[in-house]
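Now for the letters of each chain:
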There are 2 protein chains.
Amino acid sequence: MKKIIGVGLMGLGTVGLGVYRTLKEKTSVIEQKVGAKVEIKKILVRDAARSRGVELEEGILTTNVNEIVEKPEVDIVVEVMGGIQPALDYSLRALKNGKSLVTANKDMIAVHGRELFEAAGNKDIFFEASVAGGIPIIRPLKQCLAANRITQVIGIINGTTNYMLTRMTREGLGFADALEEAQTRGYAEADPSSDTEGYDAARKLAILTSVAFNSRIILNDVFVEGITRITAEDIAYADELNFTIKLLGIAKETEDGIEARVHPALLPKNHPLAAVNDVYNAVFVRGDAAGDVMFYGRGAGELPTASAVVADIMSAARNLIKNVSGIIGCTCFEEKTIKPMGDICTRYYIRLSVADRPGVLADIAHVFGYNEVSLASVIQKHTTGQLAEIVVVTHRVKEKNLQGALKTIKGLQSVDEVANVIRVEGEE
Amino acid sequence: MKKIIGVGLMGLGTVGLGVYRTLKEKTSVIEQKVGAKVEIKKILVRDAARSRGVELEEGILTTNVNEIVEKPEVDIVVEVMGGIQPALDYSLRALKNGKSLVTANKDMIAVHGRELFEAAGNKDIFFEASVAGGIPIIRPLKQCLAANRITQVIGIINGTTNYMLTRMTREGLGFADALEEAQTRGYAEADPSSDTEGYDAARKLAILTSVAFNSRIILNDVFVEGITRITAEDIAYADELNFTIKLLGIAKETEDGIEARVHPALLPKNHPLAAVNDVYNAVFVRGDAAGDVMFYGRGAGELPTASAVVADIMSAARNLIKNVSGIIGCTCFEEKTIKPMGDICTRYYIRLSVADRPGVLADIAHVFGYNEVSLASVIQKHTTGQLAEIVVVTHRVKEKNLQGALKTIKGLQSVDEVANVIRVEGEE
């Protein structure tokens, strides 16, 4: 039985430091729980001379990846570099050399998951930290909910945008002010587009969808729309209609295939996800046996992410000690079709700026009716000048019918602009 | 490599039927995920002749436990009989004969966990379904949050009382009406005391506490107080003070030992658990790395509970196929002390019925002050007749000081009664 499990850490940024600190501070309790010492043997960095505000053992840093992926004393390679390359090359080399792999890298898993699992053979790959930071979700989906046919997964899986939308909802801020505040607090980067345009959430959703439906979904399969067009007015109208606006990652298995889409959505205020505010994340799962289940917590940050990475290291270590691995490997047993976005069926909130004169609403309603879009509610408010604002919420309709109707409506002389179109989610 | 994993099912009540149906309906997907067929070989029942509304294979029922615990073709024994005996004897025999054990039995685990794990040696015991039905919580605590020092676990872990309190909160019902409604809907039994007096929650809390703090806590270690004294008035006052009343299972690790207590509590409305309504359960966990995490879902019912049992069966089966077990065994490595209830420190809500005349509040305030109980808020309302109602919320104080103050206050001539005392939880 192995007495020491060697870890090679690739990357010493925020998450890497969290992993380093956690493994150091908790050496004895980890040994107790795992049944062997877990020791960091080498840490791969780009610049070994840079100060990192933490005391490191002499000689533990290396700039040579061979010191990790080729070394026999490294049993588990932990990849927390982020980005696709060189993380992918290094991870593949580690797997080919028989190492177990733990990664927090959503970019890599959301695109190259298949390649990695093929290279792994029967070795362990764990990636709990790649989705929703400290919230247990990958292992619960793979193991605890394994007896369920899962029909939907809906997640608030980007903390930056959830913080911004929370501030916009509570304080009536506009998008720009909310972004500035998020940047001041360190929740948003200088270039916030990966968060605000939905790409960060889309990577996580690709991973969640693959695990939930046992079929590989990659980033390119996910429809993505960010929150940059959401205004304080939309949030106020939504509130009036008893909804809150959230950026959601939505995965559904339907008769016509899998839906995987990230976009802002009106969510009923009594939905469990509606109370998830600030930087918190949550993933709502509907299974045919378990019913509705939700996992809530911190989706990012040094220690929450390290919590997930170190738990994965401990699982990989336990398996190595027992001389077993790959008990839970790739779970994409099937190849399911992906539903084209035009075929999804949902309700829509539409805000229009129109000429303030009789007959306009009738014109618009006629176009909707012609395209088989039926309306559930209409709010009309006078604004300054010669324009009025109309907000409609439709009944369930196919995306392509709705888009057809909107195309015609945009061409109506009495319509100034279609100010916003937001899907509705989480009903029934 | 084994091609068939045999299951012996002990018990065919609500949960047993759910397990039977789930294993039957999902045979092929389970085989795909596990890597071998999982087959029910025998089902232990008390009366083999009784109709159960389900088509069973000829000869699968038995009234003889030896047909399960002694049979070589049974690899995993699934105990869903409930109650302590004979479930405990049968489970111990199964373990001693080298079977893996999956159980949904909170009564048995909350009292005899140690004995079972000792008998198991290196065999698997899984008990996810014993706490909070379909919500993954035991495995997440043991594995996903393994890198955390957990400081508190707070759960809404009894669906019956949560339903009743939700109805009392939303509709202003009294306890008796809420109970009647719960009974009509099948959420409460004819004798509801195990739910309303808190014992059901206490069993689950003993299990959660043991797993969270790595130290065995049994049912007798848990302080228990039910919801039978909660009135519509208490709920209305709590609401005025911006709290909601929930029956909580609370486990904390403090410098002076472990707290494990079940009682109704005032919870701030912005606490994640405050939005958990109706029969839903949720477990809130605070870890030093992950931060605040919450698990939400259905805590009972045929299929949610079967979801957890069958997932455990699948895990046990995977381990048997890989010829490994006990990777995650008993995690009670330590023996921590349990804090006496008198030493817990919290805030209190106290509702008093007093004589409606000058100076009474001063008398009461004097007694509180003398016992080092300081008051955070006071509400005084006139009631009919010669009595007034006073509600106070204290600052943090030791339970024994509070009880000392209350003893004196009950003796005051101007005090008609101490109508209720409810602890406050979930602040900070």
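Residues numbered from 1 in each chain as written. Chains lettered and ligands numbered in written order. Predicted model: local features only at pLDDT ≥ 70, side-chain atom pairs only at ≥ 80, totals over all residues.

A. Region of the structure containing the domain arrangement of chain A. Residues and elements named next belong to chain A. By the assigned domains, chain A splits into domain 1 (4-133 + 302-321), domain 2 (138-298) and domain 3 (342-424). For domain 2 and domain 3, the distance between their C-alpha centres works out to 25 Å. Contact residues are listed per partner, giving 13 residues for domain 2 and 12 residues for domain 3. For the side of domain 2 that touches domain 3, the secondary-structure elements that each account for two or more residues are α11 (232-240) and β10 (257-268). The element contributing the most residues to the side of domain 2 that touches domain 3 is β10, with 5 residues. Classifying every residue of the side of domain 2 that touches domain 3 gives 7 nonpolar, 1 polar and 5 charged. (Domains from an automatic or database assignment. Contact = placed C-beta atoms within 7 Å. Helix = DSSP H or I, 4+ residues; strand = E, 2+ residues; numbered from the N terminus. Nonpolar A, V, L, I, M, F, W, Y, C, P; charged D, E, K, R; others polar.)

B. Fine view of the relation of the copies chain A and chain B. If you rotate chain A by 180 degrees and push it 0.0 Å along the axis, it lands on chain B with an RMSD of 0.0 Å. Such a combination of rotation and displacement between the chain copies is what one expects of a two-fold axis. Judged by C-alpha distance, Phe295(A) is the residue of chain A that lies nearest the rotation axis, at 2.4 Å. Residue by residue, 100% of the interface of chain A is reproduced at the interface of chain B, so both copies engage with the same surface. (Least-squares fit on C-alpha atoms with pLDDT ≥ 70 in both.)

C. A look at unusual backbone geometry. All names here are of chain A. The step from Gln85 to Pro86 runs through a cis peptide bond, and the omega angle for that step is 5 degrees. Even without being glycine, Asn323 reaches a positive phi, approximately 60 degrees. Among the structural elements, Asn323 can be located in the loop between α12 (302-321) and β13 (345-355).

D. Structural context of the sheet that holds strand β4 (residues 76-79) of chain A. Residues and elements named next belong to chain A. Sheet architecture is open: 6 strands sit in the order β3-β2-β1-β4-β5-β6, paired in parallel fashion. What marks the edges here is a single partner per strand, and that holds for β3 (61-62) and β6 (125-126). Where strand β1 (residues 4-10) and strand β2 (residues 37-44) come together, 7 bridges link them in parallel fashion. Its bridge partner being in β2, Ile5 is matched across the sheet by Val38. Across the face of the sheet, α12 comes into contact with β1, β2, β4, β5 (100-103) and β6 while running at roughly 170 degrees to β5. (Pairing = 2+ DSSP bridges. Axes fitted to C-alpha atoms, helices over the stretch in contact; angles between N-to-C directions.)

E. Broad picture of the interface of chain A and chain B. The interface is formed by 44 residues belonging to chain A together with 44 residues belonging to chain B. When contributions to the side of chain A that touches chain B are tallied by element, the ones reaching two or more residues are α2 (27-34), α6 (138-144), β12 (291-298) and α12 of chain A. Of the residues that constitute the side of chain A that touches chain B, the class distribution is 24 nonpolar, 12 polar and 8 charged. Across 3 bridges, the pairing between β12(A) and strand β12 (residues 291-298) of chain B is antiparallel. Across the sheet, Phe295(A) pairs through a bridge with Phe295(B), a residue of β12(B).

F. The packing of helix α13 (residues 360-370) of chain A against helix α14 (residues 399-411) of chain A, seen in detail. All names here are of chain A. The contact between α13 and α14 brings their axes to 9 Å, and the two run at 150 degrees. The orientation of α13 with respect to α14, classified from their angle, is roughly antiparallel. The crossing of α13 and α14 is right-handed. Contacts from Ile364, Val367 and Phe368 of α13 reach α14 at Ala405, Thr408 and Ile409. Grouping the constituent residues of the contact of α13 with α14 by class yields 5 nonpolar, 1 polar and no charged. (Parallel < 35°, antiparallel > 145°, perpendicular 65-115°, else oblique. Left-handed = near helix turned anticlockwise from the far one by under 90°.)

G. Spotlight on the pairing of strand β7 (residues 150-156) of chain A. All names here are of chain A. When you tally the buried positions in β7, you get 5 out of 7 residues, the bulk of the element. Examined bridge by bridge, β7 and strand β9 (residues 243-254) share 4 bridges and lie antiparallel to one another. Across the sheet, Gln152 pairs through a bridge with Lys252, a residue of β9. (Buried ≥ 20, exposed ≤ 12 C-beta atoms within 10 Å, placed from the backbone.)

H. A look at the confidence of the model for chain A. Per-residue confidence for chain A gives a mean pLDDT of 96, with 99% of residues at or over 70. Under the prediction, the complex receives an ipTM of 0.96, its pTM being 0.97. (pLDDT = per-residue confidence, 0-100.)

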